[in-house]
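# Chain and residue survey
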Amino acid sequence: MLLILIGAALASDYRGIATKHIELSMQTVRSVSPFRWTDDRLARRRARFIAFDRLFGVLTMLAGAAMLVGGAHLLLSEHQ
């Protein structure tokens, strides 16, 4: 159930959670590049990572739903 909630929050960007996550990640992990990053390239990179984070949220939500259905199936098949 927790995976579904976290995935839904990331996928829907609830209260900017995906945006905040990417901003914190970009501050923590700096790119090692001999070239200087322009503001335009940083904005495109940030937007690409936000889209990836939201896609990851959808996949997390689907994994949580699959686990919930699988657990319910195991409980019901064991009960018979």
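Residues numbered from 1 in each chain as written. Predicted model: local features only at pLDDT ≥ 70, side-chain atom pairs only at ≥ 80, totals over all residues. Heavy atoms only, no water.

Within the chain one finds three helices and zero strands. What you see in the chain, going N to C, is helices and strands ordered as α-α-α. Scored against the burial criterion, the 80 residues of the chain give a buried share of 20%. In the chain, of all internal contacts separated by at least 6 residues, the share reaching a separation of at least 24 is 74%. Surface summary for the chain: the accessible area is close to 6,500 Å², and the carbon and sulfur share equals 68%. (Helix = DSSP H or I, 4+ residues; strand = E, 2+ residues; numbered from the N terminus. Buried < 20%, exposed > 50% of the residue type's maximum accessible area, 1.4 Å probe, protein only. Contact = heavy atoms within 4.5 Å. Areas by Shrake-Rupley, 256 points an atom, 1.4 Å probe, with all protein chains shown as cover.)

So, on to the pattern of salt bridges. In the structure shown here, the tally under the stated rule is two salt bridges. In this structure, the salt-bridge partner of arginine 46 is glutamate 23, at a minimum N-O distance of 2.8 Å. Of this pair, arginine 46 sits in helix 3 (residues 39–79) while glutamate 23 is found in helix 2 (residues 17–28), placing the two residues 23 residues apart along the sequence. Accessibility expressed as a relative area gives 30% for arginine 46, which makes it partly exposed. (Salt bridge = Lys/Arg side-chain N within 4 Å of Asp/Glu carboxyl O.)

As a further point, take the side chain of threonine 60. Counting through the fold element by element, threonine 60 comes out in helix 3. The buried category is assigned to threonine 60, whose relative accessible area is 10%. Residues in contact with threonine 60, not counting those within four places in the same chain, are Leu3 and Gly7.

The first and last C-alpha atoms of helix 2 sit 16 Å apart over twelve residues, in line with the 16 Å expected at 1.5 Å per residue. Ala18, Thr19, Ile22 and Met26 are the residues of helix 2 that are buried. Around the axis of helix 2, the buried residues are gathered within 100° of arc, so they sit on the same side. Exposed residues lying more than 90 degrees from the buried face of helix 2 are Lys20, Leu24, Gln27 and Thr28. (Expected span 1.5 Å × (residues − 1). Arc of directions from axis to C-beta.)

Moving on: a nonpolar patch on the surface. A contiguous nonpolar surface patch, about 590 Å² in accessible area, is contributed by Phe52, Leu55, Phe56, Val58, Leu59 and Leu62. Classification of valine 58 by relative accessible area gives partly exposed; the value is 32%. (Patch = residues over 30% accessible without salt bridge, like charges linked within 9 Å, V, L, I, M, F, W, Y side chains within 5 Å.)

Once that is clear, we can look at the confidence of the model for the chain. The share of residues in the chain with pLDDT of 70 or more is 86%, and the mean pLDDT across the chain is 82. Mean pLDDT across the elements of the chain ranges from a minimum in helix 2, with 80, to a maximum in helix 3, with 87. (pLDDT = per-residue confidence, 0-100.)

Once that is clear, we can look at the environment of isoleucine 4. Along the chain, isoleucine 4 turns up in helix 1 (residues 2–12). Along the backbone, isoleucine 4 and methionine 67 are 63 residues apart, and their C-alpha atoms lie at a distance of 9.7 Å. Contact partners of isoleucine 4, with chain neighbours within four places excluded, come to Met61, Gly64, Ala65 and Leu68.

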